[in-house]
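In case you want the letters, here they are:
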There are 2 protein chains.
Amino acid sequence: MSTDAPAETAPMSGDAYPDDLRREVERYLERLTFADAATTGVAGLEEAMRYSLLAGGKRIRPVLALATARALGRDAAEVLPIAAALELIHTYSLIHDDLPAMDDDDLRRGRPTCHRAFGENVAILAGDGLYAEAFRHVLEQQRGEPAAILAAVRELASATGINGMVGGQYLDVAHAAPEGADGLRHLHALKTGRLIGASIMCPLLLDPTRGPATIDAFRSFANELGVLFQIVDDILDVVGDDDALGKTHGSDERLGKRTYVSEFGLERARELAAESHRGARAALAKAAPGGAAELAQITDFIYTRTS
Amino acid sequence: MSTDAPAETAPMSGDAYPDDLRREVERYLERLTFADAATTGVAGLEEAMRYSLLAGGKRIRPVLALATARALGRDAAEVLPIAAALELIHTYSLIHDDLPAMDDDDLRRGRPTCHRAFGENVAILAGDGLYAEAFRHVLEQQRGEPAAILAAVRELASATGINGMVGGQYLDVAHAAPEGADGLRHLHALKTGRLIGASIMCPLLLDPTRGPATIDAFRSFANELGVLFQIVDDILDVVGDDDALGKTHGSDERLGKRTYVSEFGLERARELAAESHRGARAALAKAAPGGAAELAQITDFIYTRTS
């Protein structure tokens, strides 16, 4: 078992990924501009923001948001503004995580990191700017009941503050997570799990007709998916291909980071990934008993991805 | 005229500052905590956030928000959540501005800057965390019509992104502002003016009974007040007392920054401050014909302050 890649251990929807949704996200992101006509002199900052935003990738978070809208029987395009906000926020977190004072990474998706390309001061501001523009974009562009939009934006803010992404990054860089498997799980639930979860919860919160039972069922799915994402991420940092990853693998070990592999060993981490994948599929079946083809595809993709 | 301090050049409400409002803000900020009970291990991050937030100061932005609520005939306490968010955002901007890659300041309000006290990685995250918690706090705590809250939070996001605070900071550190007096004014309108303006506009937007004429009149006042604030700030960096400022004066010159003093000389900068003060008082008289005692006091204070 220990030599099996996750790809070979479970029945799958194959390599399918909802590429139509990804293309829709990509087109939407490419059209985004941030500086108003009256704001002069900031082209260099906007360039740094778009350089990092348009570096490609699977766009898992916005694609999850669109797929969740479809699972609810709605038009995926309805949630494009909040989907884009999720990707802006993810991009901001990568820029700040790569900074010299943090993980000090030179490469991201095969290209120089933002601070290597534009300087450290511009990179800090590009991250800050992307976070601000994420909120501005969804508050200006997202259609829906005002109370529902408020709930969704509240989820965005909560998922990215001290009880979410920023808190998790602190636990990571300050080596401050509690000991043991629960501590590791807590670190990752905050650092990556909350934003993955928000990608599923925001479209639900935008739909005021969904009851609390549906919301709870999707939250279980979201939590399990976040765990799965992180276990596979940790495995890929050890066994991944540099070219496919677009960065140097082994950086977790170099930085002395706590991962599922350092905590449990590679073999057990793979077993945990398989368990988590089964758990996520079961939770999805409960949340969307009528089927949710794209969410199932993304769940399988997150399990079987090689980069 | 060139030896006159701003304090001596115009009729004033004296040294009055609405200290009752400041105390109300201070008490509210002191009670704020950010980590939920279920979030473990982040005490060190929360400490860094509160260290910077509770460093004292006149709390001009939240006091402006409370004073604006009073000028509209409402209870100042109604807008405490968004007033606190303004101060959290201001604090985040100071932490990031002080970083080694930015202004590289060691002291802020007489104490070590956040990165000197807690390390650069924690300081970056403390800033990021304060910004996220600002949005979360107002979205969870601010009472009002959902559409009005959305409008106010939209103003917060817009005022702090590439068309506001972050864009202005970029113009400053990248020396990217257009040439001449208009370029300088544009830099400061973004860097400090928009958040000063938001402190006045947010309480207005939270009150859905105000018409567009009132909003326009207050916006004129807010714009003029932002300009006044910055001119005086630039003068104080040259003539200020280190102990009163809590930082080393002359840092603008050391960093080669463009200021009203470097652009116009000290004497003309003082004249511009006096003109701007008169303009702000006139705009306020139009916006609040029934009187707005606290806003008038703050306007005078911003003009006559010595730190």
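Conventions used here
Residues numbered from 1 in each chain as written. Chains lettered and ligands numbered in written order. Predicted model: local features only at pLDDT ≥ 70, side-chain atom pairs only at ≥ 80, totals over all residues. Heavy atoms only, no water. Helix = DSSP H or I, 4+ residues; strand = E, 2+ residues; numbered from the N terminus. Rg over C-alpha atoms; globule rule 2.2 N^0.38 Å. Buried < 20%, exposed > 50% of the residue type's maximum accessible area, 1.4 Å probe, protein only. Areas by Shrake-Rupley, 256 points an atom, 1.4 Å probe, with all protein chains shown as cover. Salt bridge = Lys/Arg side-chain N within 4 Å of Asp/Glu carboxyl O. Expected span 1.5 Å × (residues − 1). Phe/Tyr/Trp six-rings, centres within 6.5 Å; stacked < 30°, edge-to-face > 60°. Lys NZ or Arg CZ within 6 Å of the ring centre and 35° of its normal. Least-squares fit on C-alpha atoms with pLDDT ≥ 70 in both. Contact = heavy atoms within 4.5 Å. Buried area = accessible area lost by both parts, 1.4 Å probe. Polar contact = N/O pair within 3.5 Å; in protein donor to acceptor, adjacent residues only side chain to side chain. Nonpolar A, V, L, I, M, F, W, Y, C, P; charged D, E, K, R; others polar. Core = buried A, V, L, I, M, F, W, Y, C linked by side-chain atoms within 4.5 Å. pLDDT = per-residue confidence, 0-100. Axes fitted to C-alpha atoms, helices over the stretch in contact; angles between N-to-C directions. Parallel < 35°, antiparallel > 145°, perpendicular 65-115°, else oblique. Lys, Arg positive; Asp, Glu negative; His and termini not counted. Left-handed = near helix turned anticlockwise from the far one by under 90°.

### Let's talk about the overall build of chain A
(1) Moving on: When helices and strands are counted, chain A shows 15 helices and 2 strands.
(2) Moving on: Its C-alpha radius of gyration of 19 Å places chain A within 12% of the 19 Å reference for a compact globule of 307 residues.
(3) Moving on: The C-alpha extent of chain A, read off along each of the three principal axes, is 60 × 45 × 35 Å.
(4) Moving on: In chain A, which comprises 307 residues, the share counted as buried stands at 59%.
(5) Moving on: On chain A, roughly 11400 Å² of surface is accessible, and the fraction owed to carbon and sulfur atoms is 48%.

### A short note on the pattern of salt bridges
(1) Moving on: Taken as a whole, this structure holds 44 salt bridges over all chains when the rule is applied.
(2) Moving on: Salt-bridge contacts for glutamate 133 of chain B lead to arginine 136 of chain B; the nearest nitrogen and oxygen are separated by 2.8 Å. Separated by 3 residues within a single helix, glutamate 133 of chain B and arginine 136 of chain B lie in helix H6 (residues 120-141), roughly one turn from each other.
(3) Moving on: Glutamate 133 of chain B sits in the buried class, given a relative accessible area of 2%.
(4) Moving on: The class of arginine 136 of chain B is buried, set by a relative accessible area of 10%.
(5) Moving on: Across the salt bridge formed by glutamate 140 of chain B and arginine 136 of chain B, the nearest N and O atoms sit 3.2 Å from each other. Residue glutamate 140 of chain B and its partner arginine 136 of chain B are located together in helix H6, separated by 4 residues, close to a single helical turn.
(6) Moving on: Shared partners join several salt bridges into a network, and the residues in it are Asp36, Glu133, Arg136 and Glu140 of chain A.

### Some thoughts on helix H4 (residues 80-98) of chain A
(1) Moving on: The end-to-end C-alpha distance of H4 of chain A is 27 Å, a good match for the 27 Å that 19 residues give at a rise of 1.5 Å each.
(2) Moving on: Counted residue by residue, H4 of chain A has 19 buried out of 19 residues, so it is predominantly covered.

### Description of the packing of aromatic side chains
(1) Moving on: Under the defined criterion, the tally for this structure stands at 12 aromatic pairs over all chains.
(2) Moving on: Seen from their ring centres, tyrosine 260 of chain A and phenylalanine 264 of chain A are 6.1 Å apart, and the 20 degrees between their planes marks the pair as stacked. With tyrosine 260 of chain A and phenylalanine 264 of chain A both in helix H13 (residues 260-264) and 4 residues apart, this pair spans about one turn of that helix.
(3) Moving on: An aromatic cluster of at least three residues, connected via ring pairs, comprises Tyr92, Tyr131 and Phe135 of chain A together with Tyr92, Tyr131 and Phe135 of chain B.
(4) Moving on: Seen from the ring of tyrosine 51 of chain B, arginine 111 of chain B lies directly overhead, with NZ or CZ sitting 3.9 Å from the centre.

### Things to note about the relation of the copies chain B and chain A
Here the two chain copies are tied together by a rotation about an axis and a shift along that axis.
(1) Moving on: Relative to chain A, chain B is turned by 180 degrees and slid 0.0 Å along the rotation axis, the superposed coordinates differing by an RMSD of 0.0 Å. Here the two chains are linked by the operation of a two-fold rotation axis. Closest to the rotation axis within chain B is the C-alpha of proline 146 of chain B, separated from it by 2.7 Å.
(2) Moving on: A shared binding surface is used by both copies, with 100% of the interface residues of chain B retained as interface residues in chain A.

### Here we look at the interface of chain B and chain A
(1) Moving on: Opposite the 53 residues of chain B that make contact, chain A presents 53 residues.
(2) Moving on: Taking both partners together, chain B and chain A bury about 4500 Å²; carbon and sulfur atoms supply 72% of that area.
(3) Moving on: A per-residue breakdown of the area chain B buries against chain A is headed by Leu139, Ile162 and Tyr170 of chain B, which together make up 16% of the total.
(4) Moving on: Where chain B touches chain A, the interface holds 0 salt bridges.
(5) Moving on: Taken together, chain B and chain A are joined by 14 residue pairs in polar contact (both at pLDDT 80 or more).
(6) Moving on: In terms of residue count, H6 of chain B provides more of the side of chain B that touches chain A than any other element does, 14 residues in total.
(7) Moving on: When grouped by side-chain class, the residues that make up the side of chain B that touches chain A number 31 nonpolar, 14 polar and 8 charged.

### Here we look at the nonpolar core
The nonpolar side chains of soluble globular proteins are, as a tendency, buried together.
(1) Moving on: Grouped together as the largest cluster of nonpolar side chains are 211 residues, with contacts concentrated most on Phe218 of chain A together with Phe218 of chain B.
(2) Moving on: Broken down by element, this core gets its largest block of residues, 13 residues, from helix H10 (residues 212-239) of chain A.
(3) Moving on: Once residues lying within four places of it in the same chain are set aside, the contact partners of phenylalanine 218 of chain B are Thr68, Leu72, Ile200, Met201, Leu204, Ala287, Ala288 and Leu295 of chain B.

### As for the confidence of the model for chain A
(1) Moving on: Of all residues in chain A, 92% have pLDDT values of 70 or greater, and the mean over the chain is 91.
(2) Moving on: Every residue in residues 1-11 of chain A is under pLDDT 50, and counting partners more than four places away or in other chains gives 13 contacts.

### Side note on the packing of helix H1 (residues 19-31) of chain B against helix H4 (residues 80-98) of chain B
All names here are of chain B.
(1) Moving on: Put simply, H1 and H4 touch, their axes get as near as 10 Å, and they point 75 degrees apart. Regarding the angle of H1 to H4, the classification is roughly perpendicular. Within the contact between the two elements, H1 uses Glu24, Val25, Tyr28 and Leu29 and H4 uses Leu80, Pro81, Ala84, Glu87 and Leu88.
(2) Moving on: Classifying every residue of the contact of H1 with H4 gives 7 nonpolar, no polar and 2 charged.

### Some details on unusual backbone geometry
Residues apart from glycine generally show negative phi values, whereas peptide bonds are mostly found in trans.
(1) Moving on: Despite not being glycine, arginine 109 of chain A has its phi angle at roughly 55 degrees, a positive value.
(2) Moving on: Note that arginine 109 of chain A resides in the loop between strand S1 (107-108) and strand S2 (111-112).
(3) Moving on: The residue arginine 59 of chain B is not glycine, and still its phi comes out positive at about 60 degrees.

### Looking at the side chain of aspartate 234 of chain B
(1) Moving on: Relative to the helices and strands, aspartate 234 of chain B resides in helix H10 (residues 212-239).
(2) Moving on: Although aspartate 234 of chain B is buried, it forms no salt bridge, and the closest oppositely charged side chain is arginine 305 of chain B at an N-O distance of 8.0 Å.

### Topic: the environment of glutamate 24 of chain B
(1) Moving on: Residue placement: glutamate 24 of chain B occurs in helix H1.
(2) Moving on: Sequence-distant contacts of glutamate 24 of chain B, defined by excluding residues within four places in its chain, comprise Leu66, Ala77 and Leu80 of chain B.

### Quick word on helix H7 (residues 146-160) of chain A
Residue and element names in this part refer to chain A.
(1) Moving on: For H7, spanning 15 residues, the distance from its first C-alpha to its last is 21 Å, which sits close to the expected 21 Å at 1.5 Å a residue.
(2) Moving on: By the criterion of burial, H7 is predominantly enclosed, with 12 of the 15 residues buried.
(3) Moving on: Residues of H7 that are buried include every one of Ala148, Ile149, Leu150, Ala151, Ala152, Val153, Glu155, Leu156, Ala157, Ser158, Ala159 and Thr160, and no others.

### Examining the packing of helix H9 (residues 180-205) of chain B against H10 of chain B
Residue and element names in this part refer to chain B.
(1) Moving on: H10 packs onto H9 with a crossing angle of 135 degrees between their chain directions and a minimal axis gap of 8 Å. Considered as vectors, H9 and H10 are oriented oblique to each other. Crossing handedness for the pair H9 and H10: right-handed.
(2) Moving on: Broken down by class, the residue content of the contact of H9 with H10 amounts to 12 nonpolar, 7 polar and 4 charged.

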